[in-house]
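One-letter residues, chain by chain:
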Amino acid sequence: MADRRGENIDPREARLILEERAREAGFDLVGVGVAEPLREGGERLRGWQAAGMAADMGYMQRPVELLSNPKKLQKSARSVVSLGVSYYPGDHPENAEGGGRVARYAWGRDYHEVIKERLFRLRGELEEALGGRIKARAFTDAVPLLERSAAQHAGLGFFGRNSCLINGEVGSYFFIADLIVDLEIEPDPPGEGTCGRCSRCMDRCPTGAIKAPGVVDARLCISYLTIENRGEIPRRLRKRVGDWAFGCDVCQEVCPYNKTKATKSRWPEFSAGAGAGPYLEIEEVLAIRTDEEFEGRFAGTPLTRPGRAGLLRNCCVAAGNLRLRSAVPALVRALREDSSPLVRGHAAWALGEIGDAEKALRRAAEQEKDAWCREEIELALMAGAGGAAVG
Ligand code: B12
Ligand code: SF4
Ligand code: SF4
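Residues numbered from 1 in each chain as written. Chains lettered and ligands numbered in written order. Predicted model: local features only at pLDDT ≥ 70, side-chain atom pairs only at ≥ 80, totals over all residues. Heavy atoms only, no water.

**Student:** Account for the environment of Pro 93, with residues named and values stated.
**Tutor:** Topologically, Pro 93 is positioned in the loop between strand S2 (79–86) and strand S3 (100–102). Linking Pro 93 and Val 143, residues 50 residues apart in sequence, is a C-alpha distance of 34 Å. Once residues within four sequence positions are removed from consideration, Pro 93 is found in contact with Pro 278 and Tyr 279. (Helix = DSSP H or I, 4+ residues; strand = E, 2+ residues; numbered from the N terminus. Contact = heavy atoms within 4.5 Å.)

**Student:** Got a sec to walk through helix H1 (residues 11–24)? Specific residues and values, please.
**Tutor:** Compared with an ideal rise of 1.5 Å per residue, which puts 14 residues at 20 Å, H1 spans 20 Å between its outermost C-alpha atoms and is within 8% of the ideal. Turning to H1, its buried residues are Ala 14, Arg 15, Ile 17, Leu 18 and Ala 22. Here the buried face of H1 lies against strand S1 (29–34), S2 and helix H5 (111–129). (Expected span 1.5 Å × (residues − 1). Buried < 20%, exposed > 50% of the residue type's maximum accessible area, 1.4 Å probe, protein only.)

**Student:** Can you tell me about the site of ligand 3, naming the residues and giving the values?
**Tutor:** Around ligand 3, the structure places Gly 160, Arg 161, Asn 162, Ile 166, Cys 195, Cys 198, Ser 199, Arg 200, Cys 201, Cys 255, Pro 256 and Tyr 257. The set of elements that each furnish at least two residues to the shell around ligand 3 consists of helix H7 (200–204) and helix H11 (256–261). For the shell around ligand 3, the per-class residue count stands at seven nonpolar, three polar and two charged. (Near = heavy atom within 4 Å. Nonpolar A, V, L, I, M, F, W, Y, C, P; charged D, E, K, R; others polar.)

**Student:** Describe in detail the sheet that holds strand S11 (residues 279–280), supporting the description with residues and values.
**Tutor:** Either a parallel or an antiparallel arrangement is found when strands of a sheet pair, and the pairing is made through backbone hydrogen bonds. As summarised here, the arrangement of the three strands in space is S10-S3-S11, forming an open sheet in which the pairing is mixed. Here the strands that pair on one side only, and so sit at the sheet edges, are strand S10 (244–246) and S11. With respect to the sheet, helix H14 (residues 307–322) is in contact with S3, S10 and S11, its orientation differing from that of S10 by roughly 170 degrees. (Pairing = 2+ DSSP bridges. Axes fitted to C-alpha atoms, helices over the stretch in contact; angles between N-to-C directions.)

**Student:** Which residues make up a negative patch on the surface, and what values go with them?
**Tutor:** A cluster of acidic side chains, namely Asp 291, Glu 292, Glu 293 and Glu 295, defines a negative patch on the protein surface. Along the chain, Glu 293 turns up in helix H13 (residues 291–298). By relative accessible area, which is 39% here, Glu 293 ends up partly exposed. (Patch = residues over 30% accessible without salt bridge, like charges linked within 9 Å, V, L, I, M, F, W, Y side chains within 5 Å. Areas by Shrake-Rupley, 256 points an atom, 1.4 Å probe, with all protein chains shown as cover. Salt bridge = Lys/Arg side-chain N within 4 Å of Asp/Glu carboxyl O. Lys, Arg positive; Asp, Glu negative; His and termini not counted. Charge placed at Lys NZ, Arg CZ, Asp CG, Glu CD.)

**Student:** Run through the packing of H13 against H14, naming residues and quoting values.
**Tutor:** Put simply, H13 and H14 touch, their axes get as near as 9 Å, and they point 75 degrees apart. With respect to H14, the element H13 is oriented roughly perpendicular. Of the residues in H14, those touching H13 at Asp 291, Phe 294 and Phe 298 are Gly 307, Arg 308 and Leu 311. Of the residues belonging to the contact of H13 with H14, the class tally is three nonpolar, one polar and two charged. (Parallel < 35°, antiparallel > 145°, perpendicular 65-115°, else oblique.)

**Student:** Help me get a handle on the pairing of S1, residues and values and all.
**Tutor:** In terms of burial, S1 is a largely internal element, five of the six residues being buried. The sheet contact formed by S1 and S2 spans six bridges and is antiparallel. Each bridged residue has a counterpart across the sheet, and for Val 34 the counterpart in S2 is Ser 79.

Dropping the structure here:
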C-alpha cells in the first residue's frame, strides 16, 4: 500500500518536482495527464482493430477498454506522467556498401532496457523528493496502454498524419515512457499542433500503408513486416521494402518537423556506435546459422525482436532489392543449408532478383522438401530467366 503521506503534496509542487527530476534524468519532454479513459484513442483503436489493421499482433487485439484505460493497469492511478526521450542519432550515410538499412530508433542499445533503468531511478527519486512512497508503475512500450494517446493528453505533442506523435520543438524521433502514479499532479493541457496542408508522409510511404490521416495499416507497414511479422514478407510487397532490413523511417524522414527540428539524442546508448548502427552487413548476417550465434551478435539491441530467421529473411529481401552480387554466395549457402524454410524461400527470391544463379536454384529445387520454398524457387527461376515478374 502507498504511504498516504503522498496525499498531502500540493499538485503544483509535485509537478515542479517532477519536471526538475525528469529533466535531470535526461528526459527531453515531460507532461502529465489525469488518469482517465482515453476516449478518442480508444475509438480509433476499435476501428483499427475491426479493419484487421493490427495484422497478427496478438497484444494489439486486446480489449479496447484495457488498452485505453490507465486504471486497468493500476486501480489507484490518479495521474499518468508521459516522458519523451529523443533517440535521433543523425541521418543514414549513403548506402555505398549495399547494407541492410536499420531504422534510427534501433541503431543503439535496446531502448526498453535503457529507458527502464532511468525510469526506475526517477521513480525512486520522486518517492524521496515527495516525502513518501508513491505507488507508481513505470514502463515503456511494454504494457497495454495507448502510449501516444496518453502522451498527447499529457501535452507532449500532436498526432501527425503518419500517426506518430510530433512535438513542435523536438520532432517525432522520440520514445515515449510512462509513469502511472497514485498521486495527484497538476495536469498539462493536451498537445496541440497541425500538419497543415502537408501530406508528404502519405504520398511517400513506399507501401501505401497510411490509409487515412493518422491511420497506419500494419499489414502494409515495412516496420511491421520486418519486425513483428513472423511469416513471409508478401511477394507483392517485397520490392517496395527496398533496402530496409529492420524497421522503416520514411514517413518521419520526409516530415518537415524532423527536417528542421529533430533534436539529437543526448543519450549515448542510442548512438550508432552503441549497437548495430545504420546498416547491417548483409553477408555477415546471412551466415548466422544458430540462435546462439544470433544472440551473441545482437543481444542487448532491438534487433533480436524478429528472431534469427526474421532478420535473415529481411536481409535476403534487401539483398534482392539492392541486386547485391557480392551476396550471391551467402544467399546460395543460405538456400542450401539454412534450417529455416522462411530463410531459404526468401534467399531463393533474392537470387531470382539478382539473376545468374540458375544452377544453384535448380539444385535446390531437387532437394527442397518444403512446398512453399519449392514454389519460391520455381518463381525465382522464372524471374531469373527474365520470365514473368514475381508478384
Ligand atoms: C503496435 C505498434 C506499432 C505497429 C503499428 C503502428 C501504428 N501506427 O499503429 C508497427 C509495428 C507498424 C509500429 C511501427 C512503428 N513504431 Co510503434 N508502436 C506500436 C505500439 C505498441 C502500439 C501502437 C498502437 O496503439 N496502435 C494502434 C493505433 C490505432 O494507434 P496509433 O497508430 O498509435 O494511433 C493513435 C492516434 O491515431 C490516436 N488519435 C487519437 N486522437 C486522434 C486525433 C487525430 C486527429 C489523429 C490523426 C489521431 C488521433 O489514436 C490512436 C490510438 O492512440 C506503440 C506503444 C504503445 N503501447 O502505445 C509503439 C509506438 C507507437 N511505436 C513507436 C515507434 C518509434 C515506431 C516506429 C517509428 C519504429 C520504426 N522506425 O520502424 C514505427 C512508426 C510507424 C508509424 N507510422 O506508426 C513509438 C512512437 C513514438 C512517437 N513519437 O510517436 C511508440 C509509442 C513506442 C514508444 N513507447 O516509444 N509500431
Ligand atoms: S514506417 Fe514506412 S511503411 Fe510504415 S507507414 Fe511509415 S513510411 Fe509507411
Ligand atoms: S509529413 Fe507532413 S503530413 Fe506527415 S506527419 Fe509530417 S507534417 Fe504531418
